[in-house]
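Spelled out from the first residue to the last, the chains are:
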Number of protein chains: 4
Amino acid sequence: MEVHVNQHRVNAHTVHADRARMLISCPDGPGIVAAVSRFLHEHGANIVQSDQYTMDPEGGMFFMRVEFDLPQLEASLPKLEQDFSTVAEQFRMEWRISSVSRKKKLAIFVSKEDHCLVELIWQWQAGDLDADIAMIVSNHPDMKEYVESFGIPYHHIPVTQDMKPEAERRQLEVIGSDIDVIILARYMQIISPKFIEHYRNRIINIHHSFLPAFVGGKPYAQAYNRGVKIIGATAHYVTEELDGGPIIEQDVQRVSHRDDVTELKRIGRTIERVVLARAVKWHVEDRILVHENKTVVF
Amino acid sequence: MEVHVNQHRVNAHTVHADRARMLISCPDGPGIVAAVSRFLHEHGANIVQSDQYTMDPEGGMFFMRVEFDLPQLEASLPKLEQDFSTVAEQFRMEWRISSVSRKKKLAIFVSKEDHCLVELIWQWQAGDLDADIAMIVSNHPDMKEYVESFGIPYHHIPVTQDMKPEAERRQLEVIGSDIDVIILARYMQIISPKFIEHYRNRIINIHHSFLPAFVGGKPYAQAYNRGVKIIGATAHYVTEELDGGPIIEQDVQRVSHRDDVTELKRIGRTIERVVLARAVKWHVEDRILVHENKTVVF
Amino acid sequence: MEVHVNQHRVNAHTVHADRARMLISCPDGPGIVAAVSRFLHEHGANIVQSDQYTMDPEGGMFFMRVEFDLPQLEASLPKLEQDFSTVAEQFRMEWRISSVSRKKKLAIFVSKEDHCLVELIWQWQAGDLDADIAMIVSNHPDMKEYVESFGIPYHHIPVTQDMKPEAERRQLEVIGSDIDVIILARYMQIISPKFIEHYRNRIINIHHSFLPAFVGGKPYAQAYNRGVKIIGATAHYVTEELDGGPIIEQDVQRVSHRDDVTELKRIGRTIERVVLARAVKWHVEDRILVHENKTVVF
Amino acid sequence: MEVHVNQHRVNAHTVHADRARMLISCPDGPGIVAAVSRFLHEHGANIVQSDQYTMDPEGGMFFMRVEFDLPQLEASLPKLEQDFSTVAEQFRMEWRISSVSRKKKLAIFVSKEDHCLVELIWQWQAGDLDADIAMIVSNHPDMKEYVESFGIPYHHIPVTQDMKPEAERRQLEVIGSDIDVIILARYMQIISPKFIEHYRNRIINIHHSFLPAFVGGKPYAQAYNRGVKIIGATAHYVTEELDGGPIIEQDVQRVSHRDDVTELKRIGRTIERVVLARAVKWHVEDRILVHENKTVVF
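Within an unreviewed UniProt entry, the label attached to chain A reads Formyltetrahydrofolate deformylase, and the organism entered is Paenibacillus zeirhizosphaerae. The record held by UniProt for chain A lists under Catalytic activity (unreviewed entry) the comment "(6R)-10-formyltetrahydrofolate + H2O = (6S)-5,6,7,8-tetrahydrofolate + formate + H(+)". The UniProt entry for chain A carries the following comment under Sequence similarities (unreviewed entry): "Belongs to the PurU family."

Explain the overall build of chain A to me, please; I cannot follow it from the model alone.
Broken down by element type, chain A carries eight helices and 13 strands. For 298 residues, the compact-globule formula gives about 19 Å, and the C-alpha radius of gyration of chain A, at 21 Å, lands near that figure. Overall, chain A is about 60 × 50 × 40 Å in size when its C-alpha atoms are taken along their principal axes. By the burial criterion, 60% of the 298 residues in chain A qualify as buried. Long-range pairs, those at least 24 residues apart, make up 66% of the contacts in chain A between residues at least 6 apart in sequence. For chain A, the exposed surface amounts to about 11700 Å²; the carbon and sulfur share of it is 50%.

Can you help me understand the relation of the copies chain D and chain A in this one?
Both copies of the chain are tied together by a single rotation about an axis and a shift running along it. Superposition record for chain D on chain A: RMSD 0.0 Å, screw rotation 180°, translation along axis 0.0 Å. Seen this way, the second copy is the image of the first under a two-fold rotation axis. Taking the C-alpha atom as reference, chain D places A213(D) closest to the rotation axis, 2.3 Å from it. Both copies contact each other with a shared surface, as 100% of the interface residues of chain D are interface residues in chain A too.

Looking at this structure, how should I read the domain arrangement of chain A?
A common measure of how large an interface is: the accessible area buried when the components associate. All names here are of chain A. Domain annotation for chain A reports domain 1 (19-99) and domain 2 (104-297). When each unit is reduced to the centre of its C-alpha atoms, the spacing between domain 1 and domain 2 is 31 Å. Facing the 12 residues of domain 1 at the interface are nine residues of domain 2. Contact between domain 1 and domain 2 buries roughly 930 Å² in total, counting both sides, with carbon and sulfur atoms accounting for 60%. For the domain 1 face of the interface with domain 2, the top three residues by lost area are R21, F63 and R65, together amounting to 43%. At the junction of domain 1 and domain 2, the tally comes to two salt bridges. Across the pair D286 and R21 runs a salt bridge whose closest N-O atoms are separated by 3.1 Å. Seen at the junction of domain 1 and domain 2, the total is seven residue pairs in polar contact (both at pLDDT 80 or more). Contributing elements (two or more residues each) for the side of domain 1 that touches domain 2: β1 (19-27), β3 (61-69) and β4 (94-99).

Whenever I open this one, the interface of chain D and chain A confuses me. Can you help?
Taken together, the 34 residues of chain D in the interface contact 34 residues of chain A. Buried surface at the junction of chain D and chain A, both sides included, amounts to about 2900 Å², of which 52% is carbon and sulfur. Considering only the surface of chain D that becomes buried against chain A, R226(D), K229(D) and H257(D) emerge as the three largest contributors, covering 24% of it. Our count for the contact surface shared by chain D and chain A stands at four salt bridges. As a salt-bridge pair, D251(A) and R254(D) come within 3.6 Å of each other at their nearest N and O atoms. Taken together, the connections running from chain D to chain A amount to 22 residue pairs in polar contact (both at pLDDT 80 or more). Among the secondary structure elements, those contributing two or more residues to the side of chain D that touches chain A are β2 (46-54), α7 (219-226), β11 (247-254) and β13 (294-297) of chain D. Among the elements that take part in the side of chain D that touches chain A, β11(D) stands out by supplying seven residues, more than any other.

Help me understand the interface of chain A and chain C, please; the structure alone is not making it clear to me.
Contacts between the two partners involve 17 residues from chain A and, on the opposite side, 17 residues from chain C. Residue assignment for the side of chain A that touches chain C shows that the elements contributing at least two residues are α1 (32-42) and β2 (46-54) of chain A. Looking at the side of chain A that touches chain C residue by residue, the class counts come to six nonpolar, nine polar and two charged.

Sorry, what's going on with the sheet that holds strand β11 (residues 247-254) of chain A here?
Backbone hydrogen bonds are what pair the strands of a sheet, in a parallel or an antiparallel way. Residue and element names in this part refer to chain A. Taken in spatial order, the seven strands of this open sheet run β7-β6-β5-β8-β9-β10-β11, and their pairing is mixed. The open sheet terminates on both sides in strands that have one partner only, identified here as β7 (154-156) and β11. For this sheet, the mean inter-axis angle between neighbouring strands, taken without regard to orientation, is 20°. Relative to strand β6 (residues 131-138), strand β5 (residues 104-110) runs parallel, the two being bridged by seven bridges. From the neighbouring strand, K104 faces β6, where its bridge partner is A131.

Would you take a moment to explain the UniProt feature "active site" (unreviewed entry) in chain A for this structure?
Residue and element names in this part refer to chain A. The sites that UniProt annotates as "active site" (unreviewed entry) are D243. Within the secondary structure layout, D243 lies in the loop between β10 (230-237) and β11. For D243, a relative accessible area of 9% puts it in the buried group. Engagement of the side chain of D243 in a polar contact is seen with the side chain of H207, the distance being 3.3 Å.

Help me understand the relation of the copies chain A and chain C, please; the structure alone is not making it clear to me.
When chain A is fitted to chain C, the best match, at an RMSD of 0.0 Å, comes from turning it 180° and sliding it 0.0 Å along the axis. Both copies share a contact surface, since 100% of the interface residues of chain A are interface residues in chain C too.

Even after reading the chapter, I still don't get a nonpolar patch on the surface, so can you show me in this structure?
Residues I190(A), V215(A) and L242(A) make up a contiguous nonpolar surface patch of roughly 260 Å² in combined accessible area. One can find I190(A) in the loop between β8 (181-184) and α6 (193-198).

I tried to follow the environment of P141(D) on my own but got confused; where do I start?
All names here are of chain D. With respect to the element layout, P141 can be found in the loop between β6 (131-138) and α4 (144-148). Accessibility expressed as a relative area gives 44% for P141, which makes it partly exposed. Sequence separation of P141 and A131 is 10 residues, and the distance between their C-alpha atoms is 24 Å. Residue contacts for P141: discarding those within four places in its chain leaves Y154 and H156.

The rules we used
- Residues numbered from 1 in each chain as written.
- Chains lettered and ligands numbered in written order.
- Predicted model: local features only at pLDDT ≥ 70, side-chain atom pairs only at ≥ 80, totals over all residues.
- Heavy atoms only, no water.
- UniProt positions renumbered as here; feature names shortened; annotations may be inferred.
- Helix = DSSP H or I, 4+ residues; strand = E, 2+ residues; numbered from the N terminus.
- Rg over C-alpha atoms; globule rule 2.2 N^0.38 Å.
- Buried < 20%, exposed > 50% of the residue type's maximum accessible area, 1.4 Å probe, protein only.
- Contact = heavy atoms within 4.5 Å.
- Areas by Shrake-Rupley, 256 points an atom, 1.4 Å probe, with all protein chains shown as cover.
- Least-squares fit on C-alpha atoms with pLDDT ≥ 70 in both.
- Domains from an automatic or database assignment.
- Buried area = accessible area lost by both parts, 1.4 Å probe.
- Salt bridge = Lys/Arg side-chain N within 4 Å of Asp/Glu carboxyl O.
- Polar contact = N/O pair within 3.5 Å; in protein donor to acceptor, adjacent residues only side chain to side chain.
- Nonpolar A, V, L, I, M, F, W, Y, C, P; charged D, E, K, R; others polar.
- Pairing = 2+ DSSP bridges.
- Axes fitted to C-alpha atoms, helices over the stretch in contact; angles between N-to-C directions.
- Patch = residues over 30% accessible without salt bridge, like charges linked within 9 Å, V, L, I, M, F, W, Y side chains within 5 Å.

See below:
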């Protein structure tokens, strides 16, 4: 039996069958905005939203996100991409275009703490997370029944110190080639550099502190011992440096001397849920550009 | 079949079998703290936490919350209460003592929007809400399967304009005499004064605006039209005045001109969830004293 | 003698002699961004920053702010403006271009409460407010010595119920034709519709509440009586409707039952200072577009 | 000539000639609250406010702050203190009582950045900081004229690497024996352990980051390079460990990729001002108890 919350709710996201998003990074220079907007206009696209940012006007990096409608997008997109490569070459752009109607596929990794997973599933059900939750991968069996009640496949892959490489091999196997982004929803295992390489800037972790304060284990205990008056959580892309990858989003809440470690954890769970859900939402809406160790979030 | 998230989790709340909380309101005057603390000490109670507040030192109201441990509480409490009535009389106190180990019983009212209900159930499962969810009452059948999957009784009582008194009569019937507090978790029907009278300062509503701004219906549309830069939610006790009862808790989040009504609702759902859950937590932990139309939250 | 704080400090704002900002509002339609960016590119301008927003893709309003560098701006601007009128006409634009190096002239109105005035003067001295404080106008003499110590002219124009029109006439006289924006920095007199008409969307008021809650007088007393858990302040353009004009910025701070009206005022003073200073900063940086009763802040 | 802002303003603090505050730290145990409140009651004192906190009910530390009115306080205080020593001894208390009417004397240390100093002086003038600013000490002459215009003595004591011990000797000399608390209002010199020893838990520093993130120099540049989405400031007591002392207060503000280091500094200045002013206010109101490396703020 499957229990579905809210199947009665129509999806909150209006379907934009002909909408696409273009992300661009390149060295700054004159005429980029003009070239891009002219290109789109001449190809019959209507710009719905456009954001841009130059890290430093003199010789810095330029970042742009354009959301546009193009009649019969699916049929027209290949030609548009082919034509755009000339513009892109001229300005040495890194770029990509994605169709809004093609939902991104998520694999969520989880250990025993379930609050971030429950939040993502709830937001997905509520129509607030415009993506497909394709599978849950866990080193524990605990959440299997819950996850499967939503019709989501659950892969229980135990991880021990000895068999970590083997576990990662199996994880990559179940993920296959179809997953767009991996969410570490309080997954308490360190990911190997080899694994990360497969999903560069496509693995989002939630760290339960206001980074770079309290890197590593037991951040709430660290925060309690340091006597901070505010605690936080940080969503970031995973890199080889532990808790050191590009920060996507952070949020905080005020605490006091009255809050012991248990209470900090309790308060923190809500911050973690909210911060991770925001980061995932922005990622699937193609709002994030990564440059070196920083993010531009449009 | 019942699907339980996290049945494996041990309850986060250490059981305090011998702990009690005393709430006091009275006209201020000299010697109250001394009298109460002396009384408790002489009766073998150890004060674990004590908060007090005087609305105005000169002739105002005095409020106090004391958390204490008393050996063999269950057996000793009747005598303690009896003896305390002498102290209480002397200072013209309104007071009550409640045992921490006796969990409060909640009836949650809900309509179609499920986010506040889902949050309360999740916090209850996570061990963060130290209460019993005794039943859900709804004017719609939608959440029945979901609620019953947790083993919680679900009473579907339709409410129409014609049969409102009859519906309230049936609601009071299913509630019985055992419920401590009623939570209106986005329950979209107005409660009659007669119903309120039964649960004076024991019905908590979540209003989806930063009260007193945007009283009444469609507050997110009102907020959008007014062009506010911050939206919020308010948990309050229900009185005869619509959205006018004593405020328990409020929280807010920044928005911008880019957020349309749909987006305001989406952002607001998380504020509503968090604010209502805090208010309910404080109520079941006996942290709230009501004086006229205001709350003292310890 | 004049006392200047921080004359030693070099101005934090790098001088951008050739930088300008263009603000555009018009009905949305295809090709606007392309037309504007192409026009600027062809006229030798380099776009440094561009923001745009469409209120509703289907037939709504379009808003754009472009910051660009144009060699020899002062000499080239008249021709640029003349040429742009053709583009503007085609899309039925309301638009204006302002040179960044031409600082806006401020007249600050104040009554007895000095905190907002002191903040604006401090930010101006610190180089954080890129504008000229041309004069202070007050219905009280109290701040005269302080203001004049910075070399700023101080006009004391008493306002009584009887002679209000006469007072406003004198105010308009001292303001002359040279002032870009009027700041009501806790100026406790209501401005007449006739006066407002002269400075439509160019009078910024700070209201000491989170509007639309607590319109009118004594908002902190109103907030105290209502028992809100958060207080705020609102900067808005002044219209004929009291405290009803387009909101520019708001901010809030958490309070508790312990805070009496005096304490709310004390906390509020810092919120007011910060919110007003932000609104003024955004106005002088041409970041605000007004549409009906709402603002778009880029 | 002296320029005084707001000399016309009556002091916002009602004079409480007979009010005192008692601060207590001791090992927890039964009967402490009862003993203290009974003692005060029997000595004719009326408790106006009482806060207490036990770090851990089982064998932890107990902290208490009592605000009380005692008729003819000045005359009665010596006897009260003498009598209380018996109670204190019984519970092994560290304690002190201070008269509210005896304002604490502040020495403010400043370097070139003036915003924190200007804020403290403004709050003091506004009647929001109930203390005496006895002197300003600076390693630069820049603020001399400004400070002296308020009638506050300004001691310019240059500090170079070579003559640091000599400079500290002169600082201690001008401070004398009368200063209660030293405020480092963006004073950019490290204080020696010997100096700290004289003012244990009585030197308050403002660090321009959300500690423990970005200890040491150039924290805004560090924050920019790490790409954090929120910046903050921290007020703490100074200990031998750089930026490692007990945290009194912190606050934060959201930033984005658009904010460069200059903008982070600008935003940060307001956070620093507000956080330091709060910490100083709490210190002079005897609201802070220090235990090991943490603060209890009542």
